[in-house]
Amino acid sequence: MNDREHEAEFARLLEETRRLPRSIEPPRDLWPGIAARIRRRPAWRRWAALAAAAAVVLIVGRRILIGSSEGWAVARVDGAPRIGRTALVGTGRLRVGQVIVTDDSSRAEVQVGLIGRVEVLPGSELRLVAARPDAHRLALARGTIYAEVTAPPRLFVVETPSATAVDLGCAYTLEVDSTGASRLRVTAGYVELVWGDRRSIVPLGAMAVTRAGAGPGTPFVEDAPGALRDALTAFDFARGGGGAPAARTVLRAARAEDAVTLWHLVSRVDLSLRAAVYDRLAALVPPPSGTSRDAALRLDAPTLERYWQHIRRIQWRREILKGIRNIDPRTGRTR
Amino acid sequence: MPDLTDRVRRAQDGDETAFRELYDEHAGRIYALCLRLTGDAAAAQERTQDAFVRAWERLRSFRGDSAFGTWLHRLAVNVVLMERRGRSRRERRVTPASGEAVFEGASGGPPAPGERLDLEGAIAALPAGAREVFVLFDVEGYSHEEIAGMCGIAVGTSKAQLFRARRLLRGMLE
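Every value quoted in this text rests on a predicted model; they were computed, and no experiment measured them.

Structural notes on the overall build of chain B
Across its full length, chain B carries 9 helices and 0 strands. Counting helices and strands in the order they occur from the N terminus, chain B gives α-α-α-α-α-α-α-α-α. Here chain B, with 174 residues, has 51% of them falling under the buried criterion. Residue pairs at least 24 apart in sequence account for 59% of intrachain contacts in chain B once pairs closer than 6 positions are excluded. With the model as given, the accessible surface of chain B reaches about 7500 Å², and the carbon-plus-sulfur share is 49%.

Digging into the packing of helix α9 (residues 301–320) of chain A against helix α9 (residues 155–173) of chain B
Where α9(A) meets α9(B), the axes come as close as 10 Å, and the angle between the chain directions of the two elements is 80°. In this view, α9(A) runs roughly perpendicular relative to α9(B), as classed from their interaxial angle. Only Arg167(B), Leu168(B), Arg170(B), Gly171(B), Met172(B) and Leu173(B) of α9(B) make contact with α9(A), whose side of the interface consists of Arg312(A), Arg313(A), Trp316(A), Arg317(A) and Ile320(A). When its residues are assigned to classes, the contact of α9(A) with α9(B) shows 5 nonpolar, 1 polar and 5 charged.

Brief notes about helix α2 (residues 16–38) of chain B
Residues and elements named next belong to chain B. In this model, α2 (23 residues) spans only 28 Å end to end at C-alpha, well below the 33 Å of a helix rising 1.5 Å per residue. Bending of α2 peaks at approximately 55° at the position of His26. Put simply, Asp15 is the residue that caps the front of α2, since its side-chain oxygen is 2.9 Å from the backbone nitrogen of Thr17. Directly beyond the C-terminal end of α2, a positive phi value near 70° is found at Gly39.

With respect to the nonpolar core
Core analysis: the largest hydrophobic core is formed by 66 residues, its most contacted members being Ile34(A), Phe19(B), Leu169(B) and Met172(B). Ignoring any residue separated from it by four or fewer positions in sequence, one finds Leu169(B) in contact with Leu13(A), Leu119(B), Ala122(B), Ile123(B), Leu126(B) and Phe134(B). Within the second largest apolar cluster, 40 residues are counted, among which are Ile201(A), Leu232(A), Val277(A) and Leu304(A).

Looking at the packing of helix α6 (residues 259–266) of chain A against helix α7 (residues 271–284) of chain A
All names here are of chain A. In contact at an axis separation of 9 Å, α6 and α7 are set at 155° when each is read in the N-to-C sense. The orientation of α6 relative to α7 falls into the category roughly antiparallel. Our pair here, α6 against α7, has a crossing hand that is left-handed. On the side of α6, the interface is formed by Ala259, Leu262, Trp263, Leu265 and Val266, while α7 contributes Arg274, Val277, Tyr278, Arg280, Leu281 and Leu284. For the contact of α6 with α7, the per-class residue count stands at 9 nonpolar, no polar and 2 charged.

Focus on α9(B)
In an α-helix, one turn spans 3.6 residues; hence positions three or four apart end up facing the same way. In a regular helix each residue adds 1.5 Å, so 19 residues correspond to 27 Å; α9(B) covers 27 Å between its end C-alpha atoms and thus fits that length. All of the buried residues in α9(B) are Ser158(B), Gln161(B), Leu162(B), Ala165(B), Arg166(B), Leu168(B), Leu169(B), Arg170(B), Gly171(B) and Met172(B).

Regarding the interface of chain B and chain A
Taken residue by residue, the interface counts 53 residues in chain B and 52 residues in chain A. Interface area for chain B against chain A, summed over the two sides, is near 5100 Å², with a carbon-plus-sulfur share of 54%. Salt-bridge contacts for Asp29(A) lead to Arg20(B); the nearest nitrogen and oxygen are separated by 3.8 Å. Applying the counting rule to chain B against chain A returns 7 residue pairs in polar contact (both at pLDDT 80 or more). Residue assignment for the side of chain B that touches chain A shows that the elements contributing at least two residues are α2, α3 (41–58), α4 (68–90), α5 (99–102), α6 (116–124), α7 (128–139) and α9 of chain B. Of the residues contributing to the side of chain B that touches chain A, the split by class is 20 nonpolar, 11 polar and 22 charged.

Brief notes about the pattern of salt bridges
All names here are of chain A. Tallied over the full model, the rule gives 31 salt bridges over all chains. One salt bridge in this structure joins Glu159 and Arg137, with 2.5 Å as the shortest N-O distance. With Glu159 in strand β10 (residues 156–159) and Arg137 in strand β9 (residues 135–149), this pair connects stretches of sequence that are 22 residues apart. One salt bridge in this structure joins Glu175 and Arg183, with 4.0 Å as the shortest N-O distance. Assessed through its relative accessible area of 35%, Glu175 is described here as partly exposed.

A closer look at the environment of Ser143(B)
With respect to the helices and strands, the residue Ser143(B) is situated in the loop between α7 and α8 (144–151). As for Ser143(B) and Val133(B), which are separated by 10 residues in sequence, their C-alpha atoms are 9.8 Å apart.

Some details on unusual backbone geometry
Residue and element names in this part refer to chain A. Phi is positive for Arg154, close to 75°, though the residue is something other than glycine. With respect to the element layout, Arg154 can be found in the loop between β9 and β10. Among the residues examined, Arg154 registers a relative accessible area of 46% and is labelled partly exposed. Even without glycine at this site, Leu299 takes up a positive phi of about 60°. In this structure, Leu299 sits in the loop between α8 (293–297) and α9.

A word on the side chain of Asp167(A)
Within the secondary structure, Asp167(A) sits in strand β11 (residues 164–167). It turns out Asp167(A) is buried and unbridged, and the closest side chain with the opposite charge, Arg164(B), is 8.8 Å from it. If we ignore the near neighbours within four places in the chain, the residues touching Asp167(A) are Val149(A), Pro153(A), Arg154(A), Leu155(A), Phe156(A), Tyr172(A) and Tyr190(A).

What to know about the confidence of the model for chain A
Residue and element names in this part refer to chain A. Residues of chain A with pLDDT of at least 70 account for 90%, and the chain-wide mean is 87. When pLDDT is averaged over each helix and strand of chain A, the minimum, 59, is found for helix α3 (residues 43–66) and the maximum, 97, for α6. Here residues 64–68 is modelled with pLDDT under 50, and outside its nearest four sequence neighbours on either side it reaches 5 contacts, counting other chains as well.

Conventions we followed
- Residues numbered from 1 in each chain as written.
- Chains lettered and ligands numbered in written order.
- Predicted model: local features only at pLDDT ≥ 70, side-chain atom pairs only at ≥ 80, totals over all residues.
- Heavy atoms only, no water.
- Helix = DSSP H or I, 4+ residues; strand = E, 2+ residues; numbered from the N terminus.
- Buried < 20%, exposed > 50% of the residue type's maximum accessible area, 1.4 Å probe, protein only.
- Contact = heavy atoms within 4.5 Å.
- Areas by Shrake-Rupley, 256 points an atom, 1.4 Å probe, with all protein chains shown as cover.
- Axes fitted to C-alpha atoms, helices over the stretch in contact; angles between N-to-C directions.
- Parallel < 35°, antiparallel > 145°, perpendicular 65-115°, else oblique.
- Nonpolar A, V, L, I, M, F, W, Y, C, P; charged D, E, K, R; others polar.
- Expected span 1.5 Å × (residues − 1).
- Bend = angle between axes of the 7 residues up to and from the residue.
- Polar contact = N/O pair within 3.5 Å; in protein donor to acceptor, adjacent residues only side chain to side chain.
- Core = buried A, V, L, I, M, F, W, Y, C linked by side-chain atoms within 4.5 Å.
- Left-handed = near helix turned anticlockwise from the far one by under 90°.
- Buried area = accessible area lost by both parts, 1.4 Å probe.
- Salt bridge = Lys/Arg side-chain N within 4 Å of Asp/Glu carboxyl O.
- Lys, Arg positive; Asp, Glu negative; His and termini not counted.
- pLDDT = per-residue confidence, 0-100.

Encoded structure:
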């Protein structure tokens, strides 16, 4: 789509927005519930509400004034989490360098500055590495966290023993086992996993595993066929490398829904297999117009990036419209 | 029929009938706002009730500097945003199962084929932060400065969320 078509589409969107009805009748009469509530509210509750509001103002003001110099707020959710050796009772602060530890029955929640939150699930060990407005960094040594961040990309980072997860505007679950291997599942936006020069981009509805010493494996969608997953594990992590046989198995098992995986493989397989991977990908999900096969096979970055954005968009529509629209995984359009 | 000012004044004096009349006049507008901000019909009904209860409690602070509808609208926005902030600390984000089902109760006649229903469903499917900014800016006409103040975010963040929302909507609707 060219700029003019984008502008026309944008204008159409705004026009449709302006035509939305200003008033929508509630599906039931809400007044009885309102009447019941306003009749039972004595005057003292107004004062209680005012007092609560004043307390909130004080707490928020203190938080803003003190900012990140005192680390991040943390709250016990369940059981007996610890900050270092100190039991966390109610709420506390996690300072840079400190570790929050949860046992098998404990959970805690960490406020990531002003940009999000992290749930620390049972059996976890999480260290605060940096807490600055331009760098929110944690290190997960073991266990599981659920992170939800609303911030520009790359402001929130979680280190693990086998990869670094860089937030690109999202929500995700990250598990690290006793060997340092990790498993990432993205539930909103997308996440970049980095280890040395190895990089995996995991979008909404996809997962990736990492292994100590090997870094991030090739991402795959959650409903990927078992044969494809097994072959990927062999390709990414088998001692000596699964190599061409594993890659060919992936190609055979892949569906249009697995374009995220195939796109990563284009640059990961040996040169001798690259054309086969690209052709399989292009057959399942035709590239956007103007994509040159030769440029893709040369691993031309802008070409691969354009193809990736096309694939990521289809994957996003497939996930976000699940149950609402029947999306064609080849094109991302409604069937 | 008494004018709005008279009704507001009577409601400020504790006249529940007058307040009921104000509810009847503004319920649809407030429900539409809550529905688009939350993307969830059940939550929108709760927030609509919360907004009117809050309005009843604060009626005495309404001095007529703006129209009652404007004051109520702003109060409802704050109710929704405050609830969302509190909830987001407690729960994981839940994407509505069906954006279309949310708008089954929409008035104003049947939707144009494939158009308004698509847009409403797509708005409901937006991530919460982007949805709020889109609804407040593009649908309700608030400025980025006002949105930043209400949502507790920077003006730049509001602009970024609007850009993101429009981009996502275009992607969903194309």
